[in-house]
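# Geometric and topological summary
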Amino acid sequence: QVRLVESGGGLVQAGGSLRLSCLASGRTARSYAMGWFRQVPGKEREFVASIKWRGDMTTYADSVKGRFTMSRDDAKNTVYLQMNSLKPQDTAVYYCAESLRFGASSAAYEYDYWGQGTQVTVSS
């Protein structure tokens, strides 16, 4: 059974950096992509970034392009989200997700497994 565990969230001042990690245990060869999403109370879950397990294709939301970088370590079954130049509007609970569906990218419904989330708070 797939289990996703995020870590690395916390409180940071605007302009600072954080690196989130997501350990994917129980991952199978069927896994196609990993994604990061975020959510604030009262709003829908928002796509942040995704990466394919095969190849180096990454996709980013316009709001984070040039500031966030998603990467993976195949040997550790771990994906990362390096977040630089953080802004107060980046404050949210960040979720890691895994998709088994070919072509999955930025839609939450394309993802089959979700982590419990990690809080990121950016103070102004």
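Residues numbered from 1 in each chain as written. Predicted model: local features only at pLDDT ≥ 70, side-chain atom pairs only at ≥ 80, totals over all residues. Heavy atoms only, no water.

This paragraph deals with the overall build of the protein. Helices and strands together make up the secondary structure of the protein, namely zero helices and 11 strands. When the elements of the protein are put in sequence order from the N terminus, they spell out β-β-β-β-β-β-β-β-β-β-β. For 124 residues, the compact-globule formula gives about 14 Å, and the C-alpha radius of gyration of the protein, at 13 Å, lands near that figure. Each principal axis of the C-alpha distribution contributes one length, and for the protein these read about 45 × 30 × 25 Å. For the protein, with 124 residues in total, the buried portion stands at 44%. (Helix = DSSP H or I, 4+ residues; strand = E, 2+ residues; numbered from the N terminus. Rg over C-alpha atoms; globule rule 2.2 N^0.38 Å. Buried < 20%, exposed > 50% of the residue type's maximum accessible area, 1.4 Å probe, protein only.)

The next subject is the sheet that holds strand 7 (residues 68-73). With respect to topology, four strands assemble into an open sheet ordered 1-3-8-7, the strand pairing being antiparallel. In this open sheet, the two edge strands, each paired with only one partner strand, are strand 1 (3-7) and strand 7. Each strand axis lies, on average, 15° off the axis of its neighbour in the sheet, ignoring direction. Of the strand pairs in this sheet, strand 7 and strand 8 (residues 78-83) are connected by six bridges, and their pairing is antiparallel. Residue pairing for strand 8: Met-70 is matched across the bridge by Leu-81. (Pairing = 2+ DSSP bridges. Axes fitted to C-alpha atoms, helices over the stretch in contact; angles between N-to-C directions.)

Burial within strand 4 (residues 33-39) is extensive, with six of its seven residues counted as buried. Of the strand pairs in this sheet, strand 4 and strand 5 (residues 46-52) are connected by six bridges, and their pairing is antiparallel. Paired with Met-34 across the bridge in strand 5 is Ile-51. As consecutive antiparallel partners, strand 4 and strand 5 are separated by six residues, and within that stretch Gly-42 has a phi angle of approximately 85°, a positive value. In terms of strand pairing, strand 4 meets strand 9 (residues 92-99) through seven bridges, oriented antiparallel. The partner of Phe-37 across the bridge, within strand 9, is Tyr-95.

Under the criterion given, the structure shown has five aromatic pairs. Considering the side-chain rings of Phe-37 and Phe-47, the 5.7 Å spacing of their centres and the 70° angle between planes classify their relative orientation as edge-to-face. Of this pair, Phe-37 sits in strand 4 while Phe-47 sits in strand 5; the two residues are 10 residues apart in sequence, bridging distant segments of the chain. The same class applies to Phe-37 as to Phe-47, namely buried. Among the aromatic side chains, those forming a connected cluster through ring pairs are Phe-37, Phe-47, Tyr-111 and Trp-114. The ring centre of Tyr-95 lies 3.8 Å from the NZ or CZ of Arg-45, which sits over that ring. Of note, Arg-45 hangs over the ring of Trp-114, and the distance from its end group to the ring centre comes to 4.7 Å. (Phe/Tyr/Trp six-rings, centres within 6.5 Å; stacked < 30°, edge-to-face > 60°. Lys NZ or Arg CZ within 6 Å of the ring centre and 35° of its normal.)

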